[in-house]
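Chain by chain, the residues run as shown.
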Amino acid sequence: MLDILAHKARVLGLTDTEWAARAGVRKETLSRLRGRESCDFATLQSLARVVGASVSVIDGSTPGSTEDGLFPAQLHREYEEQLLDLCASGDVEPERWRHCGPAFFMAGLAVMVASVPEFDRRSLLDLAEALHAGSSQVGVFALWLERSPVRPSRFLPMLSAGMRRAA
């Protein structure tokens, strides 16, 4: 995880010294973290915030999938909240999204969220393609809309409202 955050810091042009200072941690602390297998959650979260990322706990108990493996078998409120949190986080790491549901379903979710002006459309469409090739094509997304348990008319306003509350 630290490697991913360090890469983001480099993309932003931050040295370790600048990154650590902006996160409110000592440069020595950042250096020691690289040699450890674990670290303090608050420190990791501070480093993540500086590079526009977040660190969170993901509930590993996602629901099973439909017989064809394309969609979650059910969409309960807790799972919907988990999906909302993931989308609001701005995280576009395919592995994190894969852990939250079937690849085709998660790809369609990324395509849907890409339609919201406050989000990075290109990054979300790239994420969708990484999760399931062809998912950003109109016909494929139409299939997703037809079969998905997530209704855009409900989900997107909830996502926008959650982002306004967080801001």
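In the block above lies the structure referred to throughout.
Rules behind the numbers
- Residues numbered from 1 in each chain as written.
- Predicted model: local features only at pLDDT ≥ 70, side-chain atom pairs only at ≥ 80, totals over all residues.
- Heavy atoms only, no water.
- Helix = DSSP H or I, 4+ residues; strand = E, 2+ residues; numbered from the N terminus.
- Contact = heavy atoms within 4.5 Å.
- Areas by Shrake-Rupley, 256 points an atom, 1.4 Å probe, with all protein chains shown as cover.
- Lys, Arg positive; Asp, Glu negative; His and termini not counted.
- Charge placed at Lys NZ, Arg CZ, Asp CG, Glu CD.
- Salt bridge = Lys/Arg side-chain N within 4 Å of Asp/Glu carboxyl O.
- Buried < 20%, exposed > 50% of the residue type's maximum accessible area, 1.4 Å probe, protein only.
- Phe/Tyr/Trp six-rings, centres within 6.5 Å; stacked < 30°, edge-to-face > 60°.
- Axes fitted to C-alpha atoms, helices over the stretch in contact; angles between N-to-C directions.
- Parallel < 35°, antiparallel > 145°, perpendicular 65-115°, else oblique.
- Left-handed = near helix turned anticlockwise from the far one by under 90°.
- Nonpolar A, V, L, I, M, F, W, Y, C, P; charged D, E, K, R; others polar.
- Arc of directions from axis to C-beta.

Peer 1: Honestly, the overall build of the chain in this entry has me stumped. Any pointers?
Peer 2: A tally of helices and strands in the chain yields 10 helices and 0 strands. Sequence-ordered secondary structure for the chain, helices as α and strands as β, is α-α-α-α-α-α-α-α-α-α. The long-range share in the chain, meaning contacts at least 24 apart out of those at least 6 apart in sequence, stands at 58%. When the accessible surface of the chain is totalled, it reaches about 9400 Å², and 52% of it is carbon and sulfur. Here the chain contributes 19 positively and 21 negatively charged side chains, and the mean placements of these two sets differ by 6 Å.

Peer 1: Help me understand the pattern of salt bridges, please; the structure alone is not making it clear to me.
Peer 2: Taken as a whole and assessed by the stated rule, the structure comprises 8 salt bridges. In this structure, the salt-bridge partner of Arg 34 is Asp 16, at a minimum N-O distance of 2.8 Å. Taken as a pair, Arg 34 in helix H3 (residues 27–34) and Asp 16 in helix H2 (residues 16–23) lie far apart in primary sequence, 18 residues in all. Residue Arg 34 is classed as partly exposed on the basis of its relative accessible area, which comes to 38%. Assessed through its relative accessible area of 16%, Asp 16 is described here as buried. Between Arg 154 and Glu 80 there is a salt bridge; the shortest N-O distance is 2.7 Å. Placement of the pair is Arg 154 in helix H10 (residues 152–166) and Glu 80 in helix H5 (residues 77–89), with a sequence separation of 74 residues. When salt bridges that share partners are traced, they join Arg 10, Asp 16 and Arg 34 into one network.

Peer 1: How do you make sense of the packing of aromatic side chains when you look at a structure like this?
Peer 2: The description of two aromatic rings rests on the distance between their centres and on the angle between their planes. Per the counting criterion, the structure on display carries 5 aromatic pairs. Each ring, one from Phe 71 and one from Phe 104, has its centre 5.5 Å from the other, and the planes form 85°; the classification is edge-to-face. Of this pair, Phe 71 sits in the loop between helix H4 (41–50) and H5 while Phe 104 sits in helix H7 (residues 103–113), placing them 33 residues apart in sequence. On the basis of relative accessible area, Phe 71 is assigned to the buried category, the value being 1%. Counting every residue linked through ring pairs, the aromatic cluster contains Phe 71, Tyr 79, Phe 104, Phe 105, Phe 141 and Trp 144.

Peer 1: I tried to follow the packing of H7 against helix H8 (residues 121–131) on my own but got confused; where do I start?
Peer 2: Working note: a packed helix pair is described by the angle between its axes plus the distance between those axes. Running from N to C, H7 and H8 cross one another at 165°; their axes reach a closest spacing of 8 Å. With respect to H8, the element H7 is oriented roughly antiparallel. Crossing angle aside, the handedness with which H7 passes H8 is left-handed. Counting all contacts with H7, which are made through Ala 103, Met 106, Ala 107, Ala 110, Val 111 and Val 113, the residues of H8 involved are Leu 124, Leu 125, Leu 127, Ala 128 and Leu 131. When its residues are assigned to classes, the contact of H7 with H8 shows 11 nonpolar, no polar and no charged.

Peer 1: Would you take a moment to explain helix H1 (residues 2–11) for this structure?
Peer 2: One full turn of an α-helix is made of 3.6 residues, so residues set three or four places apart face in the same direction. Residues of H1 that are buried: Leu 2, Leu 5, Ala 6 and Ala 9. Along the axis of H1, the buried positions cluster into a sector of 100°, meaning they face one direction only. For H1, the exposed residues set more than 90 degrees away from the buried face come down to Asp 3, His 7 and Val 11. Where the residues of H1 are buried, they touch H2, H3 and H4. Gly 13 lies just past H1 and shows a positive phi near 80°.

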